[in-house]
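Next come the chains, spelled out residue by residue.
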Amino acid sequence: DECDWVIEQKDLSGLVTHAASQRGIVPHLHHGAEPIKFVQDMPKKGKLGAAGSGQGFYDWSKSDVAEKRRQASLLTEAVLKITRGNVDGPPLSKL
């Protein structure tokens, strides 16, 4: 799916970080006052993402995490260029 990179990025950066971000940000952005329980429970269950346990939303145990991070970084840079109006980079489909 073309939106999988968003979830992959969470795993790559670590779910402890993502869960902490949710606790600080979600109450200000979401209509509910509580962060998503499912995400908060993942680190408690040992699912720390690619950098931690190798398990998160995805199983990273057989993946080249460094290469995935490189690809995610390129994609993030491309998205930032587009959102800043600098679209002279490669098409997203080429990343």
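Everything below is about the structure shown above.
Bear in mind the structure is a predicted one, so any value in this text is a computation, not a measurement.

**Quick word on the packing of aromatic side chains**
For the coordinates displayed, the defined rule picks out two aromatic pairs. Between Phe38 and Phe57, the aromatic rings sit 6.2 Å apart at their centres with planes inclined by 45°, giving tilted as the arrangement. A residue pair is termed long-range when its members are at least 10 positions apart, and Phe38 in helix H3 (residues 37-44) and Phe57 in the loop between H3 and helix H4 (65-83) qualify at 19 residues. Ring centres 5.8 Å apart and planes at 70° place the aromatic pair Tyr58 and Trp60 in the edge-to-face group. For Trp60, a relative accessible area of 4% translates into the label buried.

**Regarding the side chain of Gln22**
Relative to the elements of secondary structure, Gln22 occurs in helix H2 (residues 15-29). Residues contacting Gln22, with those up to four places away along its chain left out, are Pro27, Pro35, Ile36, Val39 and Gln40.

**Section: H2**
A turn of α-helix holds 3.6 residues, and therefore any two residues three or four places apart point the same way. The largest bend in H2 is about 40°, located at Arg23, with the proline Pro27 one to four residues further on. For H2, the secondary structure elements touched by its buried residues are helix H1 (4-13) and H3.

**Here we look at the pattern of salt bridges**
Within this structure, the stated rule accounts for four salt bridges. For Lys37, the salt bridge is made with Asp41, and the minimal N-O distance between the two is 2.7 Å. Here Asp41 and Lys37 lie together in helix H3, a separation of four residues that amounts to about one turn. What you see here is one network of salt bridges that share partners, running through Lys37, Asp41 and Lys44.

Cut-offs used in this document
Residues numbered from 1 in each chain as written. Predicted model: local features only at pLDDT ≥ 70, side-chain atom pairs only at ≥ 80, totals over all residues. Heavy atoms only, no water. Phe/Tyr/Trp six-rings, centres within 6.5 Å; stacked < 30°, edge-to-face > 60°. Helix = DSSP H or I, 4+ residues; strand = E, 2+ residues; numbered from the N terminus. Buried < 20%, exposed > 50% of the residue type's maximum accessible area, 1.4 Å probe, protein only. Contact = heavy atoms within 4.5 Å. Bend = angle between axes of the 7 residues up to and from the residue. Salt bridge = Lys/Arg side-chain N within 4 Å of Asp/Glu carboxyl O.

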